Amino acid sequence: MKMLVVGGGGREHALAWRLAQSPKVQQVFVAPGNGGTALDARLHNVALTDVPSLADFAQAAGIGLTVVGPEAPLALGIVDAFRARGLRIVGPTQAAARLESSKAFAKAFMQRHGIPTARHATFSDAAAAHAHVDQHGAPIVVKADGLAAGKGVVVAMTTAEAHEAIDFMLLDNKLGVVHNAEGARVVIEEFLVGEEASFIVLTDGKSVLPLASSQDHKRLLDGDQGPNTGGMGAYSPAPVVTPNVHAKVMHEIILPTIAGMAKDGAPFTGFLYAGLMIDAEGRPKTVEFNARLGDPEAEVILMRLKSDLADVLLHAASGTLDQVELHWDRRAALGVVMAAHGYPLEPRKGDVIEGLPAPRDAADADTMVFHAGTARDADGRIVTSGGRVLCVTALGESVKVAQQRAYEALRPIHFDGAQWRTDIGHRAIKSR
């Protein structure tokens, strides 16, 4: 079977790499892919990004199954377009993807269906938003209502930071938010205290298959300092997701969300990501929903997956997910993101990357360098082409061992202006 992975980041490299291991898969195409997928002889980059062209390609090439990585094509309705042509695809429809593409929609949905989340208010008027911050003080959270590549959230520890975020999002759009039909809006939420975790499931709209738990590091700098990013690293499993917390998340958040979306006439299929805040008593609240695999969570989760991913996704697309059981490597996985100079606001492109290892087969890969923001230049060199450039990922008997291996694998890799955190996994190691 031929498979198509839509997207060009680290998550898509990890999906394509894992799919290429399946005995059921003849070829894996990645659209548009990146420098890492270009280097792997088993993967084929296709220079397409718009939905009609992707659907044309899938039809002409005889693609048996497509899986969508990023949020933008989902918000544009790629799943609806493929299904209209009788093409099998894993992902939510445009209506269901609103759980991610509109923070205001997601908050109203959670309120309506009794799903635990932070108290909030939505504003399109900057003056009203500023008045709300003055009334409630800091810390407080300001979120852009629209797609912002993981950067549309500001956890403001002072009112000055909150006011600046409101102006960034409502007046200047410095974060490059793709606004919804309602125009520029912000959701302002209470600040939740606790430990974050990423809880991702795969669903066919009825059955739900939880993936291994994970935790990512959103802040740019060590000690969880600095601006929010799309994620500077991740590890799996997350010790904070105990069996008791897992059961609560499924019962109070995931299953009511799947039932609620179906009841509201927009059944959710594909990967559903619940970003959680878990308090000291082990009570989870929903920070946000994503309508796809997280990134860099995908890299660590897919390092640990032992089941045939192609087989699992075929069941998801066919509505037979109840016939599947997932098997995981008992070892931990940890990934460290190497980001470009100037990330997250103004990442520099074109820096040459040196010291990269050759592509590795999953069968013998204890470490793997997943490419995210990379490209091949005219001379065949791999250069930076985005904010998050690489995710250096490793398996280990514990999070600490996986951490040591990941940083060892990172050491030979160099590009000018590279920035990375040196403490990925610190919470899990501290909790042992």
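Preceding block: the structure.
Since this is a predicted model, take the numbers as computed values, not measurements.

Chemist: When you look at the overall build of the chain in this model, what are you seeing that I'm missing?
Modeler: Scanning the chain from terminus to terminus reveals 14 helices and 24 strands. Within the chain, the fraction of its 432 residues that count as buried is 58%. Taking as baseline every contact in the chain between residues at least 6 positions apart, the subset at least 24 positions apart corresponds to 70%. With an accessible surface of roughly 16,700 Å², the chain has 52% of that area assigned to carbon and sulfur atoms. Of the side chains in the chain, 42 bear a positive and 48 a negative charge, and the two mean positions are spaced by 4 Å.

Chemist: Would you mind showing me how to read empty space enclosed by the protein here?
Modeler: Summary: where empty space remains is shown by rolling a probe the size of a single water molecule over the atoms. Overall, the coordinates contain three cavities of 30 Å³ or more when judged by the stated rule. Lining the largest cavity are 10 residues; nearest its centre among them are Pro357, Ala358, Pro359, Met368 and Val369. Listed by contribution, the elements that provide at least two residues to the lining of the largest cavity are helix 2 (35-39) and strand 21 (367-371). Looking at the lining of the largest cavity, the element that brings in the most residues is strand 21, giving three residues. For the lining of the largest cavity, the class distribution of residues is six nonpolar, three polar and one charged.

Chemist: Which parts of the structure should I look at to understand the sheet that holds strand 9 (residues 153-156)?
Modeler: Through backbone hydrogen bonds, the strands of a sheet pair up, either in parallel or in antiparallel fashion. Read across the sheet, four strands follow the order 6-11-7-9 without closing on themselves; strand pairing throughout is antiparallel. Every interior strand has two partners, whereas the edge strands, strand 6 (120-123) and strand 9, have only one. With strand direction ignored, the average angle separating the axes of adjacent strands in the sheet is 20°. Across four bridges, strand 6 lies against strand 11 (residues 186-190) in antiparallel orientation. Bridge pairing links Phe123 to Val186 in strand 11.

Chemist: It is not clear to me how the sheet that holds strand 14 (residues 215-216) should be interpreted in this structure. Could you clarify?
Modeler: With antiparallel pairing, five strands are arranged side by side in an open sheet as 14-17-20-24-21. Unpaired on one side and paired on the other, strand 14 and strand 21 mark the two borders of the sheet. In this structure, strand 14 lies alongside strand 17 (residues 233-236), joined through two bridges in antiparallel fashion. Paired with Asp216 across the bridge in strand 17 is Ala234. Against the sheet, helix 11 (residues 297-304) makes contact with strand 14, strand 17, strand 20 (332-339), strand 21 and strand 24 (388-396), and its axis sits at roughly 30° relative to strand 24, the strand it touches most.

Reading guide: rules and limits
- Residues numbered from 1 in each chain as written.
- Predicted model: local features only at pLDDT ≥ 70, side-chain atom pairs only at ≥ 80, totals over all residues.
- Heavy atoms only, no water.
- Helix = DSSP H or I, 4+ residues; strand = E, 2+ residues; numbered from the N terminus.
- Buried < 20%, exposed > 50% of the residue type's maximum accessible area, 1.4 Å probe, protein only.
- Contact = heavy atoms within 4.5 Å.
- Areas by Shrake-Rupley, 256 points an atom, 1.4 Å probe, with all protein chains shown as cover.
- Lys, Arg positive; Asp, Glu negative; His and termini not counted.
- Charge placed at Lys NZ, Arg CZ, Asp CG, Glu CD.
- 1 Å grid on protein atoms, 1.4 Å probe; cavity = no way out; pocket = protein on both sides within 12 Å on 5 of 7 lines; lining within 4 Å.
- Points joined across faces, edges and corners; volume = space filled by probe spheres on them.
- Nonpolar A, V, L, I, M, F, W, Y, C, P; charged D, E, K, R; others polar.
- Pairing = 2+ DSSP bridges.
- Axes fitted to C-alpha atoms, helices over the stretch in contact; angles between N-to-C directions.

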